[in-house]
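Fold and geometry: a report
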Amino acid sequence: MRSLPSVRSAWRWMAGALLAAACATVALAQSDRPIRVGAVSALGVQAGFPESSQAARRYFDAVNAAGGVNGRRIEYVSLDEGPNPQTAASAARRLIADPEVVALVGGSGLFDCPVNAAAYAAAGLVSLQGASVAPECFASSHIVPMNNGPYLGLENAVAYAVEQLKQQRVCLTVLDLPGMASGYQRALARLKPALKAALDDVAFIAPDADFAAAVRERLARRCGAIVFTGHEPTVLRWLDEAQKQGLGEVDWIFLTPAYTDRVAKAIRDPQARMHAMAEFEPWQSASLAMLDWKRVMREGNLPLSALSQGGYVSAQLFVRVARGINGPVSRASFTQALRELPPTPLSFLGMPFHVGPAQAHAPNRASLPVVWRNGLWKIAAPVWIQAPPLAAGPP
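As the structure is a prediction and not an experimental result, all values here were calculated from the model.

What follows covers the overall build of the protein. In terms of regular secondary structure, the protein is built from 13 helices and 13 strands. Each of the 395 residues in the protein was classed as buried or not, and the buried ones make up 51%. The long-range share in the protein, meaning contacts at least 24 apart out of those at least 6 apart in sequence, stands at 68%. Accessible area of the protein: about 17,100 Å², with a carbon and sulfur share of 58%.

Here it is, written out as structure tokens:
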């Protein structure tokens, strides 16, 4: 017969074994559950930016096909911000209320940041945005833009016109979309004195303005360079009017939204001096990262654009951070791991990526100019233009 201590030892062993088995069962159940990731984007036809979240989804599909993140699939929930702030808030509330959503990735829209930034911070939910537009995107503790955005892009475009193209009379036409004027005004205030001195005129125009009259007025001022900040549909309209009236001996400079195959094909004059500011590595590059991005985009029938690059690189960053987490992937663990990530070279970016403990983020301030040649965009010069770090507050 066993002694009493032996019986007690046996019971302790059995209890420990049962506890270990229970923990293993819970861990297995957790590892079987997908990692849920969300996005709030402008998916509508009129003012939509769907390519960013679509590219993020395609990257996650490729990761899932290769085994996921440490054996767990990524489940991607992309919601439309809708036509007004109320629908944008509703989409965010749905994702915030789901405790399984550990981060937002690849979002892009007009209403999301102004309406939802405070709610994301209160919920501890980080949004890695593929393409940020509103000034509030660059002034939030929990929103991390992967792109330059239009305001830093404007600064870099003016710097390119003056410092590299040697133009001393620059005309700037700003597309006045809702909520963006203050961001552009702050960007203009931040310009170095030499760049401010070169600005001959600054005009804000609405999307439904008479573009023919606006182009005519710009040509009449005899500016050496004309910068236009519009997104792709308005760039195509602006370009069409400029070509109808004659491009002249002018350097026409656009921001990143113009760096697309569609815009390149719309340029008809073989002598055109057209430029765009690429906020990611130009896709003429033959780097392995660029080849993989092109493959993923083609498989998903998505266009090659800065929007799809932003969505891809935001998803790539999420996977990189999530794979390095020891333990459960949660909102808190992801946020901590992202903030603890040291300055790191990241595919497509012209500067090391870093978030750190800052309460506002603009980790990608570098642009590489491209120029149109014979129907294609080419790298103008292999020198990244980098806007200075932002001071406290929105850009």
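The buried fraction of strand β11 (residues 366-373) amounts to seven of the eight residues, a majority that puts the element mostly inside the structure. Pairing of strand β10 (residues 274-278) with β11, which is carried by four bridges, proceeds in the antiparallel orientation. When the sheet's bridge partners are listed, Met277 is paired in β11 with Pro369. Taken together, the four bridges between β11 and strand β12 (residues 376-379) define a ladder with antiparallel strand orientation. Looking at the pairing, Val371 lines up with Lys378 of β12.

The next subject is the state of the cysteines. Summed over the entire model, instances satisfying the criterion amount to two disulfides. Between the sulfur atoms of Cys113 and its disulfide mate Cys137 the distance is 2.0 Å. Across the S-S bond of Cys113 and Cys137 the torsion is about 105°, and the bridge reads as right-handed. One end of the pair, Cys113, is in helix α4 (residues 112-123); the other, Cys137, is in the loop between β4 (127-129) and β5 (143-145), with 24 residues separating them in the sequence. For the pair shown, Cys113 and Cys137 are each scored as buried. Here the cysteine-cysteine linkages of the protein are recorded as 1-2, 3-4, numbering only bonded cysteines and doing so in sequence order.

One can describe the packing of helix α3 (residues 85-96) onto α4 by two numbers: an axis separation of 9 Å at closest approach and a directional angle of 15°. Relative to α4, α3 is oriented roughly parallel. Where α3 crosses over α4, the handedness of that crossing is right-handed. For the pair α3 and α4, the contacting residues are Pro85, Ala88, Ala89, Ala92 and Ile96 in the first and Val115, Asn116, Ala119, Tyr120 and Ala123 in the second. Here the contact of α3 with α4 is built from residues that sort into nine nonpolar, one polar and no charged.

Moving on, we come to the confidence of the model for the protein. Across the protein, pLDDT averages 90, with 90% of residues at or above 70. In the model, residues 1-8 has pLDDT below 50 throughout and makes two contacts with residues more than four positions away in sequence or in other chains. For residues 13-29, every residue scores under 50 in pLDDT, and the model assigns this stretch zero contacts once sequence neighbours within four places are set aside.

So, about the packing of aromatic side chains. Scanning the entire structure with this criterion turns up 15 aromatic pairs. With 6.2 Å between their ring centres and 85° between their planes, Phe138 and Tyr151 make a pair best called edge-to-face. Taken together, the positions of Phe138 in the loop between β4 and β5 and Tyr151 in helix α5 (residues 149-164) put the pair 13 residues apart, joining distant regions of the chain. Sitting over the ring of Phe211, Arg237 keeps its end group 3.9 Å from the ring centre.

One pass over the structure, following the stated rule, counts 19 salt bridges. Ionic pairing is found between Arg262 and Glu51, a salt bridge with its closest N-O pair at 3.4 Å. With Arg262 in helix α10 (residues 261-266) and Glu51 in helix α2 (residues 50-65), this pair connects stretches of sequence that are 211 residues apart. Residue class for Glu51 comes out buried when judged on its relative accessible area of 13%. Bridged by salt links that share partners, the residues Arg169, Asp200, Asp201, Glu217, Arg218 and Arg221 form one connected network.

Here helix α9 (residues 232-245) contains 14 residues, and its C-alpha end-to-end distance of 20 Å stays within 8% of the 20 Å for a straight helix at 1.5 Å per residue. Glu232, Thr234, Val235, Trp238, Leu239, Glu241, Ala242 and Gln243 are the residues of α9 that are buried. Once α9 finishes, Gly246 follows within two positions and takes phi at roughly 100°, a positive value.

Bringing helix α8 (residues 211-220) into the picture now. Within α8, the full set of buried residues consists of Phe211, Ala212, Ala214, Val215 and Arg218. Buried residues in α8, looked at end-on, bunch into an arc of 165°, giving them a common side. Along its buried surface, α8 packs onto β6 (170-175), β7 (199-205), β8 (225-228), α9 and β9 (251-254). The N-terminus of α8 is capped by Asp210, whose side-chain oxygen sits 3.1 Å from the backbone nitrogen of Ala212. Immediately downstream of α8, the backbone of Arg222 shows phi near 55°, a positive value.

Rules used in this analysis
- Residues numbered from 1 in each chain as written.
- Predicted model: local features only at pLDDT ≥ 70, side-chain atom pairs only at ≥ 80, totals over all residues.
- Heavy atoms only, no water.
- Helix = DSSP H or I, 4+ residues; strand = E, 2+ residues; numbered from the N terminus.
- Buried < 20%, exposed > 50% of the residue type's maximum accessible area, 1.4 Å probe, protein only.
- Contact = heavy atoms within 4.5 Å.
- Areas by Shrake-Rupley, 256 points an atom, 1.4 Å probe, with all protein chains shown as cover.
- Pairing = 2+ DSSP bridges.
- Disulfide = S-S within 2.5 Å.
- Axes fitted to C-alpha atoms, helices over the stretch in contact; angles between N-to-C directions.
- Parallel < 35°, antiparallel > 145°, perpendicular 65-115°, else oblique.
- Left-handed = near helix turned anticlockwise from the far one by under 90°.
- Nonpolar A, V, L, I, M, F, W, Y, C, P; charged D, E, K, R; others polar.
- pLDDT = per-residue confidence, 0-100.
- Phe/Tyr/Trp six-rings, centres within 6.5 Å; stacked < 30°, edge-to-face > 60°.
- Lys NZ or Arg CZ within 6 Å of the ring centre and 35° of its normal.
- Salt bridge = Lys/Arg side-chain N within 4 Å of Asp/Glu carboxyl O.
- Expected span 1.5 Å × (residues − 1).
- Arc of directions from axis to C-beta.
- Polar contact = N/O pair within 3.5 Å; in protein donor to acceptor, adjacent residues only side chain to side chain.

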